[in-house]
Amino acid sequence: MPAAPQREGGEQRIAKLLARAGIASRREIERMIADGRIALNGEKITTPATLLHDVTGVTVDGRPVRPPKATRLYRFHKPQRALTAEFDPKGRRTIYDVLPPGLPRLVPVGRLDFMTEGLLLLTNDGELKRQLELPRTGVVRTYRARAYGEITQDQLESLAEGFTIEGVRYGSINANLERSSGRNRWIEMSLTEGKNREVRRVLEHLGLQVSRLIRTSYGPLSLEGLSPGAVDEVAQDELVEFRRTLK
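Residue positions are counted from 1 within each chain, in the order its sequence is given. The predicted nature of this model means local features are confined to residues of pLDDT at least 70 and side-chain atom pairs, given and counted, to a pLDDT of 80 or more, with totals for whole chains, interfaces and linings taken over all residues. Hydrogens and water are ignored here; the side-chain numbers use all heavy atoms of the structure.

**Some points on the overall build of the chain**
Spelled out, the test is: Secondary structure follows DSSP: runs of H or I at least 4 residues long count as helices, runs of E at least 2 residues long count as strands, and numbering of each begins at the N terminus. The cut-offs for exposure are 20% and 50% of the maximum accessible area for each residue type, with area from a 1.4 Å probe on protein chains only; residues under the lower value are buried, those over the upper are exposed, and the others partly exposed. Whether two residues are in contact is decided by their heavy atoms, any of which lying within 4.5 Å being enough. His is not counted here, nor are the chain ends, while Lys and Arg score as positive and Asp and Glu score as negative. By convention, charge coordinates are those of NZ in Lys, CZ in Arg, CG in Asp, or CD in Glu.
Per the secondary structure count, the chain includes 7 helices and 17 strands. In terms of its C-alpha atoms, the chain occupies a principal-axis envelope of roughly 65 × 50 × 40 Å. Taking all 247 residues of the chain together, 42% fall into the buried category. Taking all contacts inside the chain whose residues are at least 6 apart in sequence as the whole, residues at least 24 apart take part in 63%. For the chain, the separation between the mean place of its 40 positive charges and that of its 32 negative charges on side chains is 3 Å.

**Considering the sheet that holds strand β5 (residues 58-60)**
The test is simple: At least two bridges found by DSSP between two strands are what make those strands a pair.
Strand order in the open sheet formed by 4 strands is β3-β2-β5-β6, and the pairing between neighbours is antiparallel. In this open sheet, the two edge strands, each paired with only one partner strand, are β3 (43-44) and β6 (63-64). By the bridge criterion, 3 bridges tie strand β2 (residues 38-40) to β5 in an arrangement that is antiparallel. Counterpart to Leu40 in the pairing with β5 is Val58.

**Brief notes about helix α4 (residues 126-133)**
Put simply, the test is: Distance and chemistry together define a polar contact, namely a pair of N or O atoms within 3.5 Å, with one atom able to donate a hydrogen and the other to accept it when in protein, and with adjacent residues in sequence counting only for side-chain atoms on both sides.
Of the residues making up α4, those classed as buried are Gly126, Glu127, Leu128, Lys129 and Leu132. Between the side-chain oxygen of the N-cap and the backbone nitrogen of Glu127 there are 2.9 Å, and the N-cap of α4 in question is Asp125.

**A few points about the environment of Leu18**
Counting through the fold element by element, Leu18 comes out in helix α1 (residues 14-20). C-alpha separation for the pair Leu18 and Val65, spaced 47 residues apart in sequence, amounts to 8.0 Å.

**Side note on the packing of aromatic side chains**
Short version of the rule: Pairing of aromatic rings covers Phe, Tyr and the six-membered ring of Trp, with a centre-to-centre limit of 6.5 Å; geometry is then stacked below 30 degrees between planes, edge-to-face above 60, and tilted otherwise. Here, a charge over a ring means that NZ of Lys or CZ of Arg falls within 6 Å of the ring centre while also lying within 35 degrees of the ring normal.
Applying the stated criterion across every chain yields a total of 1 aromatic pair. Ring geometry for Phe163 and Tyr170: centres 5.6 Å apart, planes at 20 degrees, overall stacked. Grouping residues by exposure puts Phe163 and Tyr170 together as buried. It is Arg92 that lies over the ring of Phe114; its NZ or CZ is 5.0 Å from the centre.

**Topic: the pattern of salt bridges**
The cut-off we apply is this: Take a side-chain nitrogen of Lys or Arg and a carboxyl oxygen of Asp or Glu: if they are within 4 Å of each other, that pair is a salt bridge.
Taken as a whole and judged by the stated rule, the model has 16 salt bridges. A salt bridge links Arg26 to Glu127; its shortest N-O distance comes to 2.7 Å. Residue Arg26 is found in helix α2 (residues 26-34), and its partner Glu127 is found in helix α4; the two are separated by 101 residues along the sequence. Assessed through its relative accessible area of 15%, Glu127 is described here as buried. Measuring nitrogen to oxygen at the nearest pair gives 3.6 Å for the salt bridge that ties Asp113 to Arg197. With a gap of 84 residues between them, Asp113 in the loop between β8 (107-108) and β9 (117-123) and Arg197 in the loop between β14 (184-191) and α6 (198-205) connect regions that are remote in the sequence. Through salt bridges with shared partners, a single network forms among Asp113, Arg197 and Arg200.

**So, the pairing of strand β7 (residues 73-78)**
Of all 6 residues making up β7, 6 are buried, and the element is well covered by its neighbours. Burial along β7 is two-sided: Leu73, Arg75 and His77 and Tyr74, Phe76 and Lys78, pointing in opposite directions, are all buried. In this sheet, β9 lies alongside β7 in antiparallel orientation, the contact comprising 6 bridges. Looking at β9, one finds that Arg75 is bridged to Leu121. As paired strands, β7 and strand β17 (residues 231-233) are joined by 3 bridges and run antiparallel to one another. Residue pairing for β17: Tyr74 is matched across the bridge by Glu233.

Here is the structure:
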């Protein structure tokens, strides 16, 4: 029989508690447990199935974990040539090199490629991050792509049926040809899965060369009003309404 659902306020898996506290994603926390970095009252945690009421006595790399703070969500206009990561062994600039000082500890919701720009959401709540990233949640991401080559609206509309590229199945994409200048095309694309490099792979599959890619919205939140490198906090009433729409 399936396990009974855990009641809010009762015992919960340690990975969920630490994600809620903004330590990392559940998957990353599982890796940290495997590496022996997480302890309870001085003893290393050995399994992510450990159940706790709260984070009292839990440490990460010897540092006590603070109880989760109120959920906060930020819009960030990620510029080109910035990696969505805390550190790059190759020495490339990361989003944390671009973000202004004074912000709380934040983790990105999903990723944007090194050369992709536009709206990147940041939060202090690992559970919200996970919820927004899951394909089944159905959050629509919208992009504008500048691509070189020939394409018709009929070809773009065929993407709505879903398709397979090199054994990878992609879901429905709503795509529209906005305008053309010579052989350059501006194309708007909306999707819900957000697979790795999805927009670039799809357009390359159609014979186009992407020269610029901008994410313009994530769910009801848009890039509007943000210059590259700028960040602002989503109002609490907007955040509450956004969460109500999630599946």
